[in-house]
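# Summary of structural features
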Amino acid sequence: MSKEVRIVANWKMNKTIEEATDFISKLPEDIKVVSIAVPSTALYTCAQMKPPMLSLGAQNIHSETHGPFTGEISADMVKDAGAEFVILGHSERRHTFNETNEFVNKKVKQALLTDLQVILCIGETHTERDAEQTTEVLKKQLFEGLFELNMEQLKQVSIAYEPVWAIGTGQAATAQMAQETHFILRNLIKEKWGELASEKMFILHGGSIKPENIAELTSQPDVDGVLVGGAALDPSTFSQIIQNAGNAKK
Ligand code: 13P
């Protein structure tokens, strides 16, 4: 039996409301569930017109519910606008906006309190991989990012492993490298939360996913889906990704 591959698009800081709705209107109807993290400005309008197989998410929230945080957006606000999930701890937020594991953990807790599902992104830099620190770095991001979560809360969380060196570079991890690292992650989850939690946890893969590499990557036993950036911006390339992952309805 072929497994159900979860496909999530992260549009990052791309698309106006018109561009976003145009993209959604071009999605083929014969696909199983897909998720798109749209810019917050487009959430509400996209949610009004979205087909049932599409789930919408936000790309970030603040850890506080409201208050003097100019330019920030709360979990309640994105939920109100139509988000069902939120991406947290993306490497662009960690590296460009200096987000720490502690801050990411606060956001995770706030998202769960607001009934938003969480996609927690983790990943090592090139330097860290070269220095053989990958497991150590991922363990820290994972355990600190999900600090104090109970088993019930954990059910609302997925992990996205995105090696920083693979994001936007065109140099995806090889399928073997992805499987090895996802296997390590599954074992870390088992170590902390037990066998059942580790089996149930969705571990997505991200970083230069394209129509050409998705089938091999998602055929790996511990790769449960993908988080797609650049290749999810064009409707026909994204449709090809869905097709090649086997997510079109037969
Ligand atoms: P790319 O697919 O453009 O490498 O981006 C990956 C990513 O950061 C998704 O969150």
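Here's a quick rundown of the structure. All values reported here derive from a predicted model rather than from experimental measurement.

### Structural notes on the site of the ligand
Neighbouring residues of the ligand: Asn 10, Lys 12, His 90, Glu 162, Ala 166, Ile 167, Gly 168, Gly 207, Ser 208, Leu 227, Gly 229 and Gly 230. In this structure, Asn 10 approaches the ligand through a side-chain N or O atom, which is 3.0 Å from an oxygen atom. With respect to the ligand, the backbone of Gly 229 contributes an N or O atom lying 2.9 Å from an oxygen atom. Relative to its unbound accessible surface of 300 Å², the ligand loses 95% to contact with the protein. The residue makeup of the shell around the ligand, split by class, is three nonpolar, seven polar and two charged.

### Observations regarding the side chain of Thr 181
Of note, Thr 181 is situated in helix H9 (residues 175-193). Classification of Thr 181 as buried rests on a relative accessible area of 4%. When sequence neighbours within four positions are dropped, the list of residues in contact with Thr 181 reads Arg 129, Thr 134, Leu 138 and Tyr 161.

### Here we look at helix H7 (residues 134-145)
For H7, with twelve residues, the first-to-last C-alpha span of 16 Å sits near the 16 Å given by 1.5 Å per residue. Along H7, the residues classified as buried are Thr 134, Val 137, Leu 138, Gln 141, Leu 142, Phe 143 and Gly 145. Residues of H7 that are buried in the fold lie against helix H4 (91-96), helix H5 (101-113), strand E5 (117-122), helix H6 (126-130), strand E6 (157-161) and H9.

### Here's the deal with the pattern of salt bridges
Note on pairing: side chains with opposite charge can pair once their charged atoms come close. Under the defined criterion, the tally for this structure stands at 13 salt bridges. In this structure, Lys 107 engages Glu 99 in a salt bridge whose closest nitrogen and oxygen atoms are separated by 2.8 Å. With a relative accessible area of 0%, Lys 107 lands in the buried category. Here Arg 129 ties to Glu 124 by a salt bridge, and the two come within 2.7 Å at their closest N and O atoms. Three or more residues joined by partner-sharing salt bridges are found here, namely Arg 93, Glu 99 and Lys 107.

How each quantity is defined
- Residues numbered from 1 in each chain as written.
- Predicted model: local features only at pLDDT ≥ 70, side-chain atom pairs only at ≥ 80, totals over all residues.
- Heavy atoms only, no water.
- Near = heavy atom within 4 Å.
- Polar contact = N/O pair within 3.5 Å; in protein donor to acceptor, adjacent residues only side chain to side chain.
- Areas by Shrake-Rupley, 256 points an atom, 1.4 Å probe, with all protein chains shown as cover.
- Nonpolar A, V, L, I, M, F, W, Y, C, P; charged D, E, K, R; others polar.
- Helix = DSSP H or I, 4+ residues; strand = E, 2+ residues; numbered from the N terminus.
- Buried < 20%, exposed > 50% of the residue type's maximum accessible area, 1.4 Å probe, protein only.
- Contact = heavy atoms within 4.5 Å.
- Expected span 1.5 Å × (residues − 1).
- Salt bridge = Lys/Arg side-chain N within 4 Å of Asp/Glu carboxyl O.

So, to be careful, I would describe these as geometric facts and stop short of saying anything about function.
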